[in-house]
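Listed here are the chains, written in short residue letters.
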Amino acid sequence: MGLLGDELAFAQALTVQEHEGVMALGNRKRYPADTHLLTEGERSSHVLIILHGWVTVSLATDRGATRLILGLRGPGELLGEMAALDRQPRSATVRALGPTEAQVIGGDAFRRFLALHPRVSGLVIRQLTSRLRSADQERSALASLTVLQRLAHRLIELSKPDSYGPYSPSSWGASPSAAPSSVSSVSSTASSPASSPASSAARSVVHLAQDELAATVGATREAVAKALRLLRTQNIVRTGNRMVEILDPTLLALLADGHRE
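Residues numbered from 1 in each chain as written. Predicted model: local features only at pLDDT ≥ 70, side-chain atom pairs only at ≥ 80, totals over all residues. Heavy atoms only, no water.

### A short note on the side chain of Arg95
Along the polypeptide, Arg95 turns up in strand 7 (residues 93–96). With a relative accessible area of 15%, Arg95 lands in the buried category. Here Asp34 takes part through its side chain, which lies 2.6 Å from a polar atom of the side chain of Arg95. (Helix = DSSP H or I, 4+ residues; strand = E, 2+ residues; numbered from the N terminus. Buried < 20%, exposed > 50% of the residue type's maximum accessible area, 1.4 Å probe, protein only. Polar contact = N/O pair within 3.5 Å; in protein donor to acceptor, adjacent residues only side chain to side chain.)

The following block contains the structure:
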């Protein structure tokens, strides 16, 4: 399971002519932080192409108010294509993490464009199937893995030094305070003698609000807090204000895979 797609963003996969053609179909719109660009269950058929900023894609679970974040989408990503193609209610909610700008294209115009451009249609179908597979993996993990396993997996993913997303230092600057309140950021810190006398290697730090971290694993904030306490007692992580420092990535990876030592 993973929050970030592995494939090239939709707009980046287009030729210059295709890009100009699809962008000409719509208009730019700005969204403040925390705004819903699309809402689960609503009936609309327009699509969005993110120009600037990052958004979360989430859906409601059968656990009351708990939401599951299925993905993080950034510049170049196409959103809302499923409802545009099948004209059914929206299957997920898209929320702006920070100020976001997107190209808004009507569903009818988008469908006509795809009919005239088979290669672009193929890109949309490939993206759609990839996201459906990823969503199935997230649901499977929600049903079969413990909160501790899901949390360990997510921390490993978010702490990768080469990760590209709203939490990467290159996206928001080196300081965690540069990121919006609901966005995570990853940085590395040199271990101090007080925290690890045997090592001076750089460590990964995930800067993420605990409720947002809970949403990325489909759990309550209380359940994630309990799992973090267990990780702290085993000296696998160190936590602070909007911060989880990875002390033992090897053991954390083993926990993510379901092993115990």
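### Quick look at the sheet that holds strand 3 (residues 47–52)
Taken in spatial order, the four strands line up as 1-8-3-6 in an open sheet, and their pairing is antiparallel. Here the strands that pair on one side only, and so sit at the sheet edges, are strand 1 (27–31) and strand 6 (78–79). Pairing of strand 3 with strand 6, which is carried by two bridges, proceeds in the antiparallel orientation. Looking at strand 6, one finds that Leu48 is bridged to Leu79. (Pairing = 2+ DSSP bridges.)

### Considerations on the sheet that holds strand 7
Backbone hydrogen bonds are what pair the strands of a sheet, in a parallel or an antiparallel way. Reading across the sheet, the four strands line up as 2-7-4-5 and stay open at both edges, with antiparallel pairing between neighbours. The open sheet has two free edges, formed respectively by strand 2 (36–38) and strand 5 (67–73), since each of these has just one partner strand. Strand after strand, the sheet turns through a mean of 35° between neighbouring axes, direction not considered. Here strand 2 pairs with strand 7 via two bridges, running antiparallel. Of the residues in strand 7, the one forming a bridge with Leu38 is Val94. (Axes fitted to C-alpha atoms, helices over the stretch in contact; angles between N-to-C directions.)

### Side note on the pattern of salt bridges
Per the stated rule, a full pass over the model turns up ten salt bridges. The residue Arg119 makes a salt bridge to Glu18 at a minimum N-O spacing of 2.6 Å. One end of the pair, Arg119, is in helix 4 (residues 118–144); the other, Glu18, is in helix 1 (residues 16–23), and 101 residues separate them in sequence. Judged by its relative accessible area of 41%, Arg119 falls in the partly exposed class. (Salt bridge = Lys/Arg side-chain N within 4 Å of Asp/Glu carboxyl O.)

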